[in-house]
Amino acid sequence: MQLLICADAIRPDLAWLLGTVSRTLRPAIRACRGPEGFARLEAAGIPIDSGARATAEALKAIVRIMVAYVSAAVES
């Protein structure tokens, strides 16, 4: 399912995104959809792979926004 989300073949709604725990969705989205954006975050000094809880939560929120935004944009 993760591959389908990354490819925008399926677009989960926000309730699903908020209710689903996935340790692999963030790295997959980072690799497939936003490598340059995540690289800019790292360049700005945000430790992407630090393992810090606050950083991990923030990055999960960014991924949810990325997935949800595409879903909302396509539905419009």
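Structure's up top.
Report on the accompanying structure.

About the criteria used
Residue numbers run consecutively from 1 along every chain, following the written order of its sequence. Note on the predicted model: pLDDT of at least 70 is required for a residue's local features to be given, and 80 or more for side-chain atom pairs to be given and counted; whole-chain, interface and lining totals, by contrast, use all residues. Only hydrogens and water are removed before side-chain values are computed, so all heavy atoms of the structure are retained for them. Going along the chain from the N terminus, every DSSP run of H or I of four or more residues is numbered as a helix, and every run of E of two or more is numbered as a strand. For every residue, the accessible area obtained with a 1.4 Å probe (protein chains only) is divided by the maximum for its type, and the residue is called buried under 20%, exposed over 50%, and partly exposed between those limits. Residue contacts are counted whenever heavy atoms from the two residues lie within 4.5 Å of one another. Shrake-Rupley sampling with a 1.4 Å probe provides the accessible areas, and residues are treated as covered by the protein chains on show and by no other component.

The number of helices and strands found in the protein chain is 5 helices and 0 strands. Counted from the first residue to the last, the protein chain has its helices and strands arranged as α-α-α-α-α. The 76 residues of the protein chain split such that 24% are buried. Relative to all contacts within the protein chain whose residues are 6 or more apart in sequence, the contacts with residues 24 or more apart total 56%. Surface exposure of the protein chain reaches about 5000 Å², of which carbon and sulfur atoms provide 61%.

Below, the discussion takes up the environment of Lys60. Turning to its location among the elements, Lys60 is positioned in helix α5 (residues 53–75). Taking C-alpha positions, Lys60 is 9.9 Å from Leu17, a pair spaced 43 residues apart along the chain.

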